[in-house]
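# Analysis of the macromolecular model
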Protein chains: 2
Amino acid sequence: MKECFPRIGVLTVGDELLSCETLDTNVRFIASSLGEAGFVVSRHVTVPDNVEDISREVRALSHVCEAVIVTGGLGPTSDDLTRESISSAVGKELVFHPSLKDGLERFFKRLGRPMAKENLSQAYLPQGAVVIPPAGGTAPGFMIARGAALIVALPGVPKEMQSMLATHVMPELARRFPTAELSVTRRIMTFGMGESDVAGVVADLIDAGSVKYGFLATEGVVVVKLTARGADAKCANAMLDVEQAMVAERLGNLIFAVGDRSMEDATGELLRERALTIATAESVTAGMVSSRIANTPGSSAYLRGGVVAYSADEKTRLLNVPANLLADGAVSEDVAEAMAHGARALFDSDLAIATTGIAGPGSLRENKPVGTVVIALAHEKGVLSQTYLLPGDRMRIRNVATLAALNMVRLHLA
Amino acid sequence: MKECFPRIGVLTVGDELLSCETLDTNVRFIASSLGEAGFVVSRHVTVPDNVEDISREVRALSHVCEAVIVTGGLGPTSDDLTRESISSAVGKELVFHPSLKDGLERFFKRLGRPMAKENLSQAYLPQGAVVIPPAGGTAPGFMIARGAALIVALPGVPKEMQSMLATHVMPELARRFPTAELSVTRRIMTFGMGESDVAGVVADLIDAGSVKYGFLATEGVVVVKLTARGADAKCANAMLDVEQAMVAERLGNLIFAVGDRSMEDATGELLRERALTIATAESVTAGMVSSRIANTPGSSAYLRGGVVAYSADEKTRLLNVPANLLADGAVSEDVAEAMAHGARALFDSDLAIATTGIAGPGSLRENKPVGTVVIALAHEKGVLSQTYLLPGDRMRIRNVATLAALNMVRLHLA
């Protein structure tokens, strides 16, 4: 990676990143965004909340990098020291920006809260800095030169950082460093098979062409990441179209989306297209399925509602699950199917999805292993159900069960 | 953190850490292990797989740190360059260790596989290095001096790194730096006030004593982080007890927990102590409140169930909200209170919590701004409700509304 140009350094600031408290996900996001534009992070340093450390490192990075992206330390409290440190590193005084102060006052006025005097510190930036307006929070970012290097300061709050990176930093980098080759990444999102199995299914494609493969597994979802380099976006995308078609032929309906799209968005789009409504009956997931459906803006068009029925009693009373089905425990396909029928009737919806299972840690009442989950889908022509044995802890089991429920709806409609 | 001793630097090696592919969890583990023994990571640097970068950074860190822990680059392939780089940084040749070769051969014999000749490189370590035997894999670690600094090389595979850290590195650090002061951190978790306001309330305490303050804001929750250093844990904790008492006097019932505890755990403990049951009626949060209560193991003891009533129709039909209350929209204290009463009756619970609001992005049907959320709590003696105007996007509004709902239960029981 020695020859790469421009060299971009990332400096993350915060005691919490050097203790065990916060996992630094910002670097990963920045590396990914830069990568898509054909840039590479050549160095990443983390320093504590300390003016001397921050400013020394800004100086050091600016000697060996063409651009330095600093995240964190732009908040209003006494341990937010990035403004002061960069001011010292570039040798420019902090100057007051009345327009930033006005913005801060409007922010708090809209919330109906007085502005703390600590927030005023956020209206001071090094002289000559280009202001990046606050993106949802109170912290502005900024860009300033040190010698030939561009220093960029962004808040540590991921959403604000991501927004500023997209709207201000990437365009500035593209302007300063027109790259010869562009790299485009496409993410193919799958559910229903493990990472090594997905990789096995496409194994012979991996070294067959010039498109680079990567695999990322999070809870239940396996992402196949295709990266192509080309003279322009059209050329790279054409290569990706061909590769994607081959991957899709192998993976079929395991693929729930292409691009950074959630399962609930994919499922929601199908419901909307067919003008169908849905309701939920949840035991083990206790509201995760309904709340996840509601993540998608506009979901009120198809989400009728849901019932969380944690006890056998509620399953019978609210969802009409026959008491005799519950005599042997609540985790069975019969119970799940009855719950789905009950929710469909209660909410008068086209579809209803039900979950029941054992998330642990203990499994006192049921004669089944922790991780057993049953999902059922009632529709106009009947009901279908499936039993899973999911690995992991309580949270992972419930998260994957939620995805499996949404996926069952998707497969039914696809 | 300028004065902390010994200064420990962490250098992680690997191209994949500078792209978006791998999240570097090793640093977090190392920081956590060191922290428990009273040590602090004072600097963390990531470099690509490149002899020049690695050896330069080892030299640089050894000038400003008493100990440098390098992870990664100890594998058998051509991009594993840490042995060579440290050899160059300390000015000692790589020498062959017959015992390491014997161990490698035994390793592959057990697997019934021939040893690739690449693996032989793992039997070479800088002259004078103390060998750390392989821990489950093929890579040995090692420790070697550079001037006054201790250089430690560990594999990047988390399990192997963690094992060697525990068995060899921590004992060596404890032996070398017995006078190390211990540092203890305590997290005071608050909800209900912004970060700058919380900081403002304790502003005069921050520089008044030797306890260090830090503030972390995530969605809705502001953590006040107190760190004390002392000769031993008892001494540091005694300082923290005094400081915590002063902070608690200022912040009062904004504090929902001390230590790494979630709002649902704190609220759940109160419900369990009082042997009270709870139910939910959710509109804007659509199941987030019930699923969050169910995050806590054993919550089935107090969570009766919940209803997600997304439309006006369901609010009336399932929760008995009078239709005339809904004529002007679903976001009002009257509606929220009626929903809470309805859920309490439906589930025959001691308490019921209701949410209604506008999470956006649009606000078509309601004559109120996006972010307006009303929460109501019905209990045996009546009902209480509160209206909030929450900032942020759809997801943040719903997350903070969920916390506010749980917090209302907590305040009622506290």
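Residues numbered from 1 in each chain as written. Chains lettered and ligands numbered in written order. Predicted model: local features only at pLDDT ≥ 70, side-chain atom pairs only at ≥ 80, totals over all residues. Heavy atoms only, no water.

Let's shift gears to the interface of chain B and chain A. Taken together, the contacts link 74 residues of chain B with 74 residues of chain A. Of the roughly 6000 Å² buried where chain B meets chain A, counting both sides, 53% is carbon and sulfur surface. There are 4 salt bridges connecting chain B and chain A. The shortest N-O distance in the salt bridge between A:Arg43 and B:Glu57 comes to 2.6 Å. Across the contact surface, chain B and chain A share 23 residue pairs in polar contact (both at pLDDT 80 or more). Sort the elements by how many residues they give to the side of chain B that touches chain A and strand 2 (residues 40–47) of chain B lands first, with 7 residues. Classifying every residue of the side of chain B that touches chain A by side-chain character gives 30 nonpolar, 23 polar and 21 charged. Two strands pair when backbone bridges link them, and strand 2 (residues 41–47) of chain A and strand 2 of chain B are joined in this way by 3 bridges, in the antiparallel orientation. Within strand 2 of chain B, the position partnered with A:His44 by the bridge is B:Thr46. (Contact = heavy atoms within 4.5 Å. Buried area = accessible area lost by both parts, 1.4 Å probe. Salt bridge = Lys/Arg side-chain N within 4 Å of Asp/Glu carboxyl O. Polar contact = N/O pair within 3.5 Å; in protein donor to acceptor, adjacent residues only side chain to side chain. Helix = DSSP H or I, 4+ residues; strand = E, 2+ residues; numbered from the N terminus. Nonpolar A, V, L, I, M, F, W, Y, C, P; charged D, E, K, R; others polar. Pairing = 2+ DSSP bridges.)

General note: in soluble globular proteins, nonpolar side chains tend to be found buried as a group. Counting residues in each nonpolar core, the largest one holds 50 residues, and the members touching the most others are A:Leu11, A:Ile86, B:Leu11 and B:Ile86. Apart from the residues lying within four places of it in its own chain, the contact partners of A:Ile86 are A:Val58, A:Val70, A:Pro126, A:Phe142, A:Ile144, A:Ile151 and A:Ala153. One finds A:Leu318, A:Leu326, B:Ala330 and B:Ala340 within the second-largest nonpolar core, a separate group that totals 48 residues. (Core = buried A, V, L, I, M, F, W, Y, C linked by side-chain atoms within 4.5 Å. Buried < 20%, exposed > 50% of the residue type's maximum accessible area, 1.4 Å probe, protein only.)

A cluster of acidic side chains, namely A:Asp313, B:Asp348, B:Asp350 and B:Glu380, defines a negative patch on the protein surface. Inspection of the secondary structure assignment puts B:Asp348 in the loop between helix 13 (333–347) and strand 15 (351–357). (Patch = residues over 30% accessible without salt bridge, like charges linked within 9 Å, V, L, I, M, F, W, Y side chains within 5 Å. Areas by Shrake-Rupley, 256 points an atom, 1.4 Å probe, with all protein chains shown as cover. Lys, Arg positive; Asp, Glu negative; His and termini not counted. Charge placed at Lys NZ, Arg CZ, Asp CG, Glu CD.)

This part is about the sheet that holds strand 11 (residues 221–230) of chain B. Residue and element names in this part refer to chain B. With antiparallel pairing, the 4 strands of this open sheet are ordered in space as 10-11-9-12. Each having just a single partner strand, strand 10 (212–217) and strand 12 (255–258) make up the two edges of the open sheet. Taking each pair of neighbouring strands and ignoring which way they run, the sheet shows an average axis angle of 25°. Pairing of strand 9 (residues 182–191) with strand 11 involves 10 bridges; the strand directions are antiparallel. Across the sheet, the residue bridging to Met-189 is Val-223, located in strand 11. Along the sheet, helix 9 (residues 233–251) contacts strand 9, strand 10, strand 11 and strand 12; its crossing angle with strand 11, the most-contacted strand, is approximately 145°. (Axes fitted to C-alpha atoms, helices over the stretch in contact; angles between N-to-C directions.)

The sheet built from 10 strands is open, its strands ordered 17(A)-16(A)-15(A)-13(A)-14(A)-14(B)-13(B)-15(B)-16(B)-17(B) with mixed pairing. Of all the strands in the sheet, just strand 17 (382–389) of chain A together with strand 17 (382–389) of chain B have a single pairing partner and so form its edges. Taking the axes of each pair of neighbouring strands and ignoring which way they run, one obtains an average angle of 10° across the sheet. When strand 13 (residues 278–282) of chain A meets strand 14 (residues 303–309) of chain A, the two strands line up parallel, connected through 5 bridges. Across the sheet, A:Thr280 pairs through a bridge with A:Gly306, a residue of strand 14 of chain A. Here helix 12 (residues 312–319) of chain A sits on the sheet and contacts strand 13, strand 14 and strand 15 (351–357) of chain A together with strand 14 (303–309) of chain B; the angle it forms with strand 14 of chain A, its principal contact strand, is near 145°.

For the rest of this paragraph, the subject is the packing of aromatic side chains. Per the counting criterion, the structure on display carries 7 aromatic pairs over all chains. Ring geometry for A:Phe107 against A:Phe108: centres 5.3 Å apart, planes inclined by 80°, an arrangement best described as edge-to-face. With respect to burial, A:Phe107 and A:Phe108 carry one shared label: buried. Considering the side-chain rings of B:Phe39 and B:Phe177, the 6.4 Å spacing of their centres and the 75° angle between planes classify their relative orientation as edge-to-face. Of the two residues, B:Phe39 sits in the loop between helix 2 (26–36) and strand 2 while B:Phe177 sits in the loop between helix 6 (158–176) and strand 9, which places them 138 residues apart along the sequence. This pair shows no difference in class: B:Phe39 is buried, exactly as B:Phe177 is. (Phe/Tyr/Trp six-rings, centres within 6.5 Å; stacked < 30°, edge-to-face > 60°.)

All names here are of chain A. Looking at chain A, the domain boundaries give domain 1 (7–176), domain 2 (182–258) and domain 3 (263–413). Between the C-alpha centres of domain 2 and domain 3 there is a distance of 30 Å. With 9 residues of domain 2 in contact, the opposing surface of domain 3 contributes 10 residues. A combined buried area of about 780 Å² lies between domain 2 and domain 3, and 63% of that area is made up of carbon and sulfur atoms. (Domains from an automatic or database assignment.)

Right, let's talk about the packing of helix 12 of chain A against helix 13 (residues 333–347) of chain A for a bit. Residues and elements named next belong to chain A. Where helix 12 meets helix 13, the axes come as close as 9 Å, and the angle between the chain directions of the two elements is 40°. Relative to helix 13, the element helix 12 is oriented oblique. In this structure, the crossing between helix 12 and helix 13 has a hand that is left-handed. Residues Lys-315, Leu-318 and Leu-319 of helix 12 lie in contact with helix 13, whose contacting residues are Val-335, Ala-338, Met-339, Gly-342, Ala-343 and Leu-346. (Parallel < 35°, antiparallel > 145°, perpendicular 65-115°, else oblique. Left-handed = near helix turned anticlockwise from the far one by under 90°.)

On to the confidence of the model for chain A, then. Looking at chain A as a whole, the pLDDT averages 89, with 95% of positions reaching at least 70. Scored by ipTM, the complex comes to 0.74, with pTM at 0.73. (pLDDT = per-residue confidence, 0-100.)

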